[in-house]
Structure formats: structure tokens, C-alpha cells
Amino acid sequence: IALPSPPPALYPSFYSPGPGDILPDLKFPPGFLFGVDTAAYQVEGATMEEGKGPSAWDWASRQPGTIADNTTADVVDLHYYLYKEDIARIAALGVNSHSFSISWARIFPFGAAGSPINQQGLDHYADVIESHLKANITPVVTLFHWDTPLALEVYYGGFTSPNITDDFINYAKTVFTAYNGSVHTWYTFNEPRVFCGQVGSYPFNLTYAPGVNISTAPYQCSYNLLKAHAGAVKGIEMKITGEIAFKSDDYVGIPWRGNNTDDIAAVERHAAFQIGVFADPVFTTGDWPQILKDTLPPEYLPRLTEDEQKDILGTADFFAIDAYRTFYVAAPPDGLSACVNDSSHPDWPTCNLETQYDSNVGWAVGPAADPLSDWLQATPQFLRDSFKEYHKRWPSPKIYFSEFGFAEPFEGVRQPPEIHDVTEDFMNQDYYMTYLGELLLSIHEDGIPVQGAFAWAMVDNAEWNSGLSSRFGIQFVNYSTPTLERTYKRSAFALAEFFKAHLQ
Ligand code: LGS
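Residues numbered from 1 in each chain as written. Predicted model: local features only at pLDDT ≥ 70, side-chain atom pairs only at ≥ 80, totals over all residues. Heavy atoms only, no water.

Draft legend 1. Just the packing of helix H9 (residues 217-236) against helix H11 (residues 276-284), in detail. With their axes 11 Å apart at the nearest point, H9 and H11 run at an angle of 35 degrees to one another. Once H9 is placed against H11, the crossing between them reads as right-handed. Counted together, Ser222, Leu225, Leu226 and His229 of H9 and Val277, Phe278, Pro281 and Val282 of H11 form the full contact between these two elements. Grouping the constituent residues of the contact of H9 with H11 by class yields six nonpolar, two polar and no charged. (Axes fitted to C-alpha atoms, helices over the stretch in contact; angles between N-to-C directions. Helix = DSSP H or I, 4+ residues; strand = E, 2+ residues; numbered from the N terminus. Left-handed = near helix turned anticlockwise from the far one by under 90°. Contact = heavy atoms within 4.5 Å. Nonpolar A, V, L, I, M, F, W, Y, C, P; charged D, E, K, R; others polar.)

Draft legend 2. View of helix H17 (residues 490-502). Taking 1.5 Å per residue as the helical rise, H17 with its 13 residues ought to reach 18 Å, and the 18 Å between its terminal C-alpha atoms agrees with that figure. With 10 of its 13 residues buried, H17 lies for the most part within the structure. Those residues of H17 that fall on the buried side of the exposure criterion are Arg490, Ser491, Ala492, Phe493, Ala494, Leu495, Ala496, Phe498, Phe499 and His502. On its buried side, H17 packs onto strand S1 (33-37), helix H3 (79-93), helix H16 (426-444), strand S10 (450-456) and strand S12 (486-488). (Expected span 1.5 Å × (residues − 1). Buried < 20%, exposed > 50% of the residue type's maximum accessible area, 1.4 Å probe, protein only.)

Draft legend 3. Local environment of the environment of Gly31. Along the chain, Gly31 falls in the segment before S1. Judged by relative accessible area, Gly31 falls into the exposed class, the value being 59%.

Draft legend 4. Looking closely at the packing of aromatic side chains. On inspection of all chains with the given rule, the structure shows 40 aromatic pairs. Measuring from centroid to centroid gives 6.0 Å for Phe168 and Tyr171, while their planes differ by 70 degrees, and the two rings are edge-to-face. Of this pair, Phe168 and Tyr171 both sit in helix H7 (residues 163-179), three residues apart, which is roughly one turn of the helix. We note that Phe168, like Tyr171, is buried. For the pair Phe319 and Trp394, a centre-to-centre distance of 5.9 Å together with 15 degrees between the ring planes defines the contact as stacked. Of this pair, Phe319 sits in strand S7 (residues 319-322) while Trp394 sits in the loop between helix H15 (383-393) and strand S9 (399-404), placing them 75 residues apart in sequence. (Phe/Tyr/Trp six-rings, centres within 6.5 Å; stacked < 30°, edge-to-face > 60°.)

Draft legend 5. Seen up close, the sheet that holds S10. Pairing in this closed barrel of eight strands is parallel, and the strands run S1-S2-S3-S4-S5-S7-S9-S10 around the ring. Shown here is a sheet whose adjacent strand axes are inclined to one another by a mean of 25 degrees, direction ignored. Where strand S4 (residues 185-190) and strand S5 (residues 243-249) come together, four bridges link them in parallel fashion. Across the sheet, Thr185 pairs through a bridge with Glu243, a residue of S5. (Pairing = 2+ DSSP bridges.)

Draft legend 6. Up close: the nonpolar core. Core analysis: the biggest nonpolar cluster contains 141 residues, and Phe168, Tyr179, Phe387, Tyr390, Phe401, Leu436 and Leu439 have the highest contact counts within it. For this core, the element with the highest residue contribution is H16, accounting for 11 residues. The residues contacting Tyr390, other than those within four sequence positions of it, are Asp250, Tyr251, Val252, Ile275, Phe319, Ile321, Ala323 and Pro395. (Core = buried A, V, L, I, M, F, W, Y, C linked by side-chain atoms within 4.5 Å.)

Draft legend 7. Local environment of the state of the cysteines. For the structure on display, the rule yields one disulfide. Bridging Cys196 to Cys221, the disulfide has an S-S length of 2.1 Å. The sign of the S-S torsion, about -65 degrees, decides the handedness of the disulfide formed by Cys196 and Cys221: left-handed. In this pair, Cys196 sits in helix H8 (residues 192-198) while Cys221 sits in helix H9, placing the two residues 25 residues apart along the sequence. By relative accessible area, Cys196 is classed as buried at 2%. Classification of Cys221 by relative accessible area gives buried; the value is 0%. (Disulfide = S-S within 2.5 Å.)

Draft legend 8. Structural detail: the site of the ligand. Taken together, 16 residues form the shell around the ligand, and within it Gln42, His145, Glu191, Glu463 and Trp464 come nearest. Here an oxygen atom of the ligand and a side-chain polar atom of His145 are 2.8 Å apart. In the environment of the ligand, an oxygen atom lies 2.6 Å from a nitrogen or oxygen atom belonging to the side chain of Glu191. Partitioned by chemical class, the residues of the shell around the ligand number eight nonpolar, three polar and five charged. (Near = heavy atom within 4 Å. Polar contact = N/O pair within 3.5 Å; in protein donor to acceptor, adjacent residues only side chain to side chain.)

Draft legend 9. Fine view of the pattern of salt bridges. On inspection of all chains with the given rule, the structure shows 20 salt bridges. The closest approach of N and O atoms between Lys293 and Asp287, which form a salt bridge, is 2.5 Å. When the shortest N-O distance is used, the salt bridge between Asp307 and Lys310 registers 4.0 Å. Linking Asp307 with Lys310, this pair stays in helix H13 (residues 306-312), spanning three residues, or about one helical turn. A single burial state applies to Asp307 and to Lys310, both of which are exposed. One network of salt bridges, in which partners are shared, links Glu268, Glu389, Lys392 and Arg393. (Salt bridge = Lys/Arg side-chain N within 4 Å of Asp/Glu carboxyl O.)

Draft legend 10. Structural view of the side chain of Asn428. Relative to the helices and strands, Asn428 is located in helix H16. Look at Asn428 and you get buried, because its relative accessible area is 0%. In this structure, Asn428 is in contact with Gly405, Phe406, Glu408, Phe472, Gly473 and Ser491, ignoring residues within four places of it in sequence.

This is the structure in C-alpha cells:
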């Protein structure tokens, strides 16, 4: 597939320099990965084919009211069958890496250790990996991007049960053994904080509102998941042939009133209850952040024994961060600290992800009614500070900027009505260009060892609860065509040009 010339811009972008003119003298370091992201549930489709078992999301997407537009991911992009075309299309852009996930239920339809292996699933991903290598695209493979085999939810409640740990380690070993040597970079888990936050409404209420009426579920999940991560990494000793970590999400907040000590304490508390839940144990201490232990009794937060701490510490070769944006964090009016996602504690003010910022975070109010203000939540101006914070708090020889991107709403909000072109995602383009400019400065001025940047997403896809209506792709997918036709958006051309100018 040859890259077509970009069509002439239909109207001017907010961001004036062309992708090649942004900091033209600054280059990405040698070996830098210019990647796009996907995840199995979100792009593959074919959910009931070739021996795959159902996942929790296949179940959830069938429950009325769970997905905004009532779509399932049964067909979605049919990447399961169209992966060769998709690989050719990203190769044409000059993309040199693809970060994708393996569906656990394709390899173990029933999930559990000792249950049958689906050879077709193993063969499928072998060919997917080979096809990437042939196209000179480095495969970066995630073992778990939220699609728990449904059977394990039914048997024992998925990640709320300690049984999950052995079953995950068994799955991980099977995959590592099958593809070791072909895959160099691995992630065990995608965004465990988001995943276990949803687990607040376990088992089957997969909305994004975590932990309001909850039990101990989010922290049981965190405990089991952390042990599963460490067990997988230790068990495999990948360090000989590859590198492995998990993908963090979220941000270290910015104190709302600068040097205000309450706000600084709120930032610390926020960091401890968010990224710190997983990053502290793995990168710095082996144990939960102290604030967590001080706040949550052992019934909520199982304590890690010394042996467990030893097993967990150091189980990441690099730090990976899905850094979409940053927020201000402020102490709530009573001066205590931020209302963060620890509502399982009886004495703590409850809040959820939808509203936690309303009262105490200034302008960064959660999901906006007006999509334009969602765009305003893009925060390139904080990217360098964020990377400094990540690197200071959870030091690692290498960082991947593992996801960033923006879902352009095309409903006439931003484009002049006479244009209304679904491939003119100029806000997404501006998002990528401003972030990447800051990233170059972060590497060159601040000395942050970032070695890869991955755009979410390769194509439009099933955006969890938002279904097909939230379009994060750098390629438009026309879901009304039988071929599920892909078209490069403006952002894809901009990314291609930016990386061509800055890769060496
Ligand atoms: O699709 C998910 C993407 C989309 O946005 C992916 O599966 C997740 O790993 C990840 O959580 N994702 C994601 N997160 C950021 C949400 C905030 C986006 C706001 C962008 C405003 C500038």
C-alpha cells in the first residue's frame, strides 16, 4: 500500500507550523519507536470465532445500557481477519511499531490453567507477530487489556479472587513460550488503576463509575493483579531476551494553588491512590504507598508480606505511561486533601471519576457535556513537568509514552457545517503535534529517556462504554461499508510527516 498524498487542508489548523517545521533540529534518539496502539477487544471483532471463548466485555456489551450506542464489538474493525491490510496501511505511514494486545480467551477459552488451549488462537497471533516483523514493524504485546475470560468471572469473580493469579501466570507463560524470540517488548497489564477502579462495581457492572457503594473489590483486585504481574515477570525471566513492564495511566497532579501546602498534600495523596498503587511497589519500595496503608485497614487493602514485596520490587524493565492529560489537584474545602478514588474507606468523602474534580480541581471538570471543553482538557503545557515527575518518582532507564490521543467529535461542533468531513480531525492533529513538540523538549532539554511514542489509536474502534461513537483512530473506519473501509485522517498524515522529519 502506498501512502496517498494528503488532501489539501479544508480550513486552517489552530497550530500553524507544519509537522516538519516543529523544532526541526531536534531528533528522536536512535531506535525510537514510532507506534500506534490497539487492543484486542476494541478492534478484532470475530468474538465467537475460531475457538475463542467469551470475555467479560463480550458479556457486558450485551447488557442494555452498558454501551452508549448499544453496539457490541462482535464485528467492529474485523482486525482479526484484516490484520495484514492494517499492517500494510501503517507501514505506509512509516510507523515502525504497533502496540496490540492478545485476547486471553482466544488462547484459553475457559481462562483457567489446565483448561484446553485453543491452538487456532496461538497460531493466529504467531502469524500476526510474523506479519509485523516482515513489514519491519516492531510488535509490542500486551497480555491483558481488560478482557477477562468470562468463565473466570463466573467461576470466581475474576480479579477479585486470588485464583486469578495462577491462571494469569499460566496464560502468560504459554504466550511467552510461544512467542519468545519474536517479541522483544511486553506489557503484562494495561492501566491496572482504571481496570481495578471499574472493579469497584464488580462483577458485571462494567461502567466507569467505580467504587461508590463498594466493598473491598478495587484493592483486592489491585493485590491479585500485582501478584499476577510479578509472578508472570519472575516466572519467565524474560530479561534475557526482552523487556517487560505494565502500562500506567494517569498523572501526577499539579497543585492548584502553587505552593499551598494543602494542595501539595492533595497531590501526594492523589499520586498515592492513583499511579502509586502499582508504581510504588514495582519501581520503588515493593510495598503500597504509606498513605494507602494509613488510610485503608487490611480488610480493604491486603498487606504485602516481606516475601511478596521482594517478589514485586523491580519487576519492570521500563516505565510506560498513557499520558493523555494532566489535572490540577486541590484540597477540598475542609482542607483535608483531594477527594480521590478511595471511597471504600468509610471515613473518607466519596467521589467517583465522573465528579471527583468538580468541586476541587478548578477548570478541569470531568467528562464534559460540550465536547469542545473536552479538547480544552488537552494539556500539552504540562507534559514536560509530568514526565519529570514520573521520572523522579518512579525512576527507570527507559520510558515509553505508551498511549496518547484524542477522540475528535465530528458532530458539527468544531467544523464549519459546510465541511463536516470525518477525516478532517484537525484538533486531534493539533493534539499530537503539540504533545510531540513538548516530548522532543522533554527528551532534549530535560534529559528524560523516552524511547517510544504510541498514538491511540491505529483505527477507530470500540471505545468501551462509548462504543463506536467515540472515534480515537488516526484512520476513519466506515462502519456502513461491508469492507469496513479505512481512510487516513488528517492526523495520520501529520504524524507521518512529523516522524519522518524527526526520526534518525
Ligand atoms: O481506548 C482506551 C483509550 C482511549 O482513551 C484504551 O483502551 C485505554 O487503555 C485508555 O484508557 N484510553 C484512553 N484514556 C484516556 C481518557 C481521557 C481522554 C481525554 C483526552 C483529552 C485530551
